[in-house]
Amino acid sequence: MAERQIGDIIKQAEAKIRPRISEVEATAEQNQARVLEAFRQNHVSSFHLQGTTGYGYDDSGRDVLEAVYAELFGHATALVRPQLISGTHAIAAALFGLMRPGDELIYASGTPYDTLQTVLGLTGDEPGNFSSLGLKVKVIPLKSDGSMDLEAVKGAITKKTKVIAFQRSRGYEDRPSFPIQEIAEAVSILRPYTSAYMFVDNCYGEFVETKEPGHAGADICAGSLIKNPGGGLVRTGGYITGSEEAVAQAASRLAAPGIGSEGGATLNMLQEMYQGLFLAPHVVQESLKGALFTAALLEEVGFDTTPNWQEARTDLIQAVHFHNRQAMITFCQEVQRQSPVDANVTPEPSAMPGYEDEVIMAAGTFIQGASIELTADGPLRPPYTAFVQGGLMYAHVKLAVIAAVEKLHQITKE
Ligand SMILES: *Cc1c(COP(=O)(O)O)cnc(C)c1O
């Protein structure tokens with residue numbers, strides 16, 4: 001590939017995605033307006049950026065931040081806490097909070113994300129998982145076209161069904177992600193058959209569309225602050241938004257019955273939580289532009305991508321199918337080399353707990369494990385799919401992906 005040629009291919013990829021970029025920009029603008037309005041409506045003031053210590057009672061900055069989150073996600077109330085250590089923890093707090101002995105949970109969107117399988121006891125035997133407490137889980141497989149099997153969900157509902165769960169993002173599964181509209185339809189179809197809480201795992205989905213799970217009729221949802229809503233600034237935390245009643249149960253579980261949402265010091269975290277949320281629509285936009293470019297460029301040079309650059313998106317995940325072990329390794333290593341942090345570390349395929357195959361992970365991030373920053377990873381097995389996600393700015397994703405494609409070409413020529 002002569003230098004001029006790669007230049008042409010890049011231009012072609014960028015020209016192709018131009019209409020999609022405009023769509024992403026329009027969504028970001030709407031979301032920025034929503035965020036700004038929520039800040040203004042809730043009178044966010046400089047003293048709200050200060051945190052509390054100790055028990056963390058009467059934390060007005062935390063209360064206002066939670067009111068802003070609730071509004072943005074279409075819900076009555078929220079928990080937005082540094083004490084939620086990850087997305088998995090936020091989801092687990094919500095689900096354990098809602099369930100009582102003998103209750104059943106139905107996963108309507110097929111196999112849940114790996115870490116949730118562990119929480120629910122679908123894999124492994126970790127102490128305190130759902131199955132150890134006698135809580136029943138029914139996973140309803142997706143139909144062959146990747147859509148939810150709502151007839152089967154209806155058939156699985158009993159008097160004991162307490163929660164019906166939906167996962168918006170494909171995560172690392174080989175299935176499409178579920179747009180907010182599809183979740184809204186599923187919720188309204190299932191409502192007449194059950195009084196169960198409708199829960200959404202919203203990880204990676206925040207601000208990709210202009211509506212969120214609360215607008216889709218879900219009772220409660222949860223996610224991570226080191227993904228989309230932290231805007232790349234928040235160093236730790238998670239959120240849960242929902243109805244007063246549903247969130248109160250999660251708060252009892254997160255803290256303790258009697259403490260609920262009243263306690264929990266915010267220390268010096270509020271400033272970055274507010275600022276990160278303010279930036280989130282923009283950062284999500286940058287990531288999405290990066291994902292569109294990644295899909296278009298890799299398709300130009302002959303790889304399969306899911307979603308492809310033309311398809312609608314509801315999350316940040318970009319899968320690239322390399323169909324070749326060495327190509328996937330080379331791509332991930334070059335993404336790492338183009339990172340702002342740990343650029344001179346070379347990621348190698350290695351065994352990981354919970355995975356049957358070796359995994360490679362490129363993550364030169366400022367915040368450990370923050371997948372709103374550019375990362376590329378995946379298990380090394382056919383079709384050799386790397387999951388490329390995040391990027392604080394389009395220019396960085398573009399530079400890294402171009403470098404990786406150039407590197408791939410060198411390798412195949414040698
Ligand atoms: C990231 C993610 C989670 C939670 O992961 P953490 O690493 O614990 O934050 C859950 N579900 C989905 C779909 C995710 O993408």
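Residues numbered from 1 in each chain as written. Predicted model: local features only at pLDDT ≥ 70, side-chain atom pairs only at ≥ 80, totals over all residues. Heavy atoms only, no water.

## Let's talk about unusual backbone geometry
Quick note on the threshold: Working definition: helices are DSSP H or I runs of at least four residues, strands are E runs of at least two. Numbering for both runs from the N terminus.
Residue Pro307 is bonded to the preceding Thr306 through a cis peptide linkage, with omega at -10 degrees. Along the chain, the position of Pro307 falls in the loop between β8 (304-306) and β9 (318-321). Backbone torsion omega between Pro382 and Pro383 reads 5 degrees, so that peptide bond is classified as cis. Looking at the element boundaries, Pro383 is found in the loop between β11 (375-379) and β12 (385-389). Phi at Asp58 is positive, roughly 55 degrees, even though this residue is not glycine.

## Digging into the sheet that holds β11
How we decide: Between any two strands, pairing holds if DSSP finds at least two bridges. Between the N-to-C directions of two axes lies an angle of 0 to 180 degrees, each axis being a line fitted to C-alpha atoms and, for a helix, fitted only over the stretch in contact.
Strand order in this open sheet of five strands is β8-β9-β12-β11-β10, and the pairing throughout is antiparallel. Either end of the sheet is taken by a strand with one partner, and the two such strands are β8 and β10 (359-362). Across the sheet, the axes of successive neighbouring strands diverge by a mean angle of 20 degrees, strand direction being ignored. Taken together, the four bridges between β9 and β12 define a ladder with antiparallel strand orientation. Across the sheet, the residue bridging to His321 is Thr385, located in β12.

## Points about the pairing of strand β3 (residues 136-139)
Note the cut-off: The handedness rule is simple: strands pointing away from the viewer, and a clockwise path from the first strand over the helix to the second, make the crossover right-handed.
Note: strand β2 (residues 104-107) against β3, four bridges, orientation parallel. Bridging across to β3, Leu105 finds its partner in Val137. Handedness of the crossover is the feature at issue here: the chain leaves β2, passes through helix α4 (residues 114-120), returns alongside β3, and the resulting connection is right-handed.

## Looking at the site of the ligand
What counts, and what does not: Near, as used in this document, describes a residue that has one of its heavy atoms within 4 Å of the molecule or strand being considered. As used in this structure description, the phrase polar contact means that two N or O atoms lie within 3.5 Å; if the pair is within protein, one of them must be able to donate a hydrogen and the other to accept it, and residues adjacent in sequence are counted only when both atoms belong to side chains. Method for areas: the Shrake-Rupley scheme with a 1.4 Å probe, in which residue coverage is limited to the protein chains shown. Side-chain classes are defined by residue name, with Ala, Val, Leu, Ile, Met, Phe, Trp, Tyr, Cys and Pro counting as nonpolar, Asp, Glu, Lys and Arg as charged, and the others, Gly among them, as polar.
The full set of residues close to the ligand is Ser86, Gly87, Thr88, Ile91, Tyr113, Gln167, Asp201, Cys203, Tyr204, Ser224 and Lys227. Asp201 is positioned with one of its side-chain polar atoms (N or O) 2.6 Å from a nitrogen atom of the ligand. Starting from 380 Å² of accessible surface for the ligand in isolation, the protein chains cover 88%. With three residues, the single largest contributor to the shell around the ligand is helix α3 (residues 87-98). When the residues that make up the shell around the ligand are grouped by side-chain class, the tally is four nonpolar, five polar and two charged.

## As for the environment of Pro307
The criterion, for reference: Throughout, exposure labels follow a simple rule: accessible area from a 1.4 Å probe, protein chains only, divided by the maximum for the residue type, with under 20% read as buried, over 50% as exposed, and the rest as partly exposed. Here, residues are in contact when the closest pair of their heavy atoms is within 4.5 Å.
On the accessibility criterion, Pro307 (12% relative accessible area) is buried. For the pair formed by Pro307 and Pro349, sequence separation is 42 residues and the distance between their alpha carbons is 25 Å. Residues within four places of Pro307 in sequence aside, it is in contact with Ala295, Arg313, Ile317 and Gln318.

## Things to note about helix α8 (residues 270-300)
Using the following cut-off: Expected span, for any helix, means 1.5 Å times one less than how many residues it has. Throughout, the bend at a residue refers to the angle made by two axes, fitted to the seven residues ending there and to the seven starting there.
Taking 1.5 Å of rise per residue, the 31 residues of α8 would be expected to cover 45 Å, and the 44 Å separating its terminal C-alpha atoms lies within 8% of that figure. Roughly 50 degrees is the biggest bend found in α8, and it falls at Ala280, with proline Pro281 one to four residues downstream. Taken across its 31 residues, α8 has 24 buried, putting it largely inside the fold. Backbone geometry just downstream of α8 places Gly302 in the positive-phi region, at approximately 105 degrees.

## Quick notes on the confidence of the model for the chain
Cut-off, in case you're wondering: Confidence per residue, as judged by the predictor, is encoded in pLDDT with a range of 0 to 100.
On average, residues of the chain score 96 in pLDDT, and 98% of them reach the 70 mark or higher. Helix α10 (residues 394-413) is the least confidently modelled element of the chain, averaging 91 in pLDDT, while strand β7 (residues 238-242) averages 99, the highest of any element.

## Some remarks on the packing of helix α2 (residues 60-72) against α8
Just so we agree on the cut-off: When describing relative orientation, an angle under 35 degrees is termed roughly parallel and one over 145 degrees roughly antiparallel, while 65 to 115 degrees is termed roughly perpendicular and anything else oblique. Should the near helix be turned counterclockwise from the far one by less than a right angle, the crossing is left-handed, whereas a clockwise turn marks it as right-handed.
Contact pair α2 / α8: the axes reach a minimum separation of 11 Å and the direction vectors enclose 20 degrees. In terms of orientation, α2 lies roughly parallel with respect to α8. The two elements α2 and α8 cross, and the hand of that crossing is left-handed. Along its contact with α2, which presents Gly61, Arg62, Val64, Leu65, Val68, Tyr69 and Leu72, the element α8 presents Leu270, Met273, Tyr274 and Leu277. Here the residues of the contact of α2 with α8 sort into nine nonpolar, one polar and one charged.

## Thoughts on the packing of aromatic side chains
How we decide: Stacked, edge-to-face and tilted are the three classes for Phe, Tyr and Trp ring pairs, Trp counted by its six-membered ring, which pair at centre distances within 6.5 Å; planes under 30 degrees apart are stacked, over 60 edge-to-face, the rest tilted. Two conditions define a charge sitting above a ring: the NZ of Lys or the CZ of Arg must be within 6 Å of the ring centre, and it must be within 35 degrees of the ring normal.
Within the structure shown, the criterion is met by 13 aromatic pairs. Between Tyr69 and Phe73, the ring centres sit 5.7 Å apart and the planes meet at 5 degrees, which makes this aromatic pair stacked. Neither residue differs from the other here; Tyr69 and Phe73 are each classed as buried. Centre to centre, the rings of Phe293 and Tyr394 are 6.1 Å apart; their planes meet at 85 degrees, and the pair counts as edge-to-face. Of this pair, Phe293 sits in helix α8 while Tyr394 sits in helix α10, and the two are 101 residues apart along the sequence. Each member of the pair, Phe293 together with Tyr394, is buried. Seen from the ring of Phe96, Arg253 lies directly overhead, with NZ or CZ sitting 4.4 Å from the centre.

## Let's talk about the environment of Thr210
Turning to its location among the elements, Thr210 is positioned in the loop between β5 (197-201) and β6 (220-224). When neighbours within four sequence positions are excluded, Thr210 is seen to be in contact with Thr27, Gln30, Asn31 and Arg34.

## Regarding helix α9 (residues 325-337)
Residues three or four positions apart in an α-helix share a direction because the helix packs 3.6 residues into each turn. The end-to-end C-alpha separation of α9 is 19 Å, in line with the 18 Å expected for 13 residues at 1.5 Å each. Among the 13 residues in α9, ten count as buried, and that is most of the element. For α9, the side-chain oxygen to backbone nitrogen distance between the N-cap and Gln326 is 2.9 Å, and the N-cap itself is Asn324.

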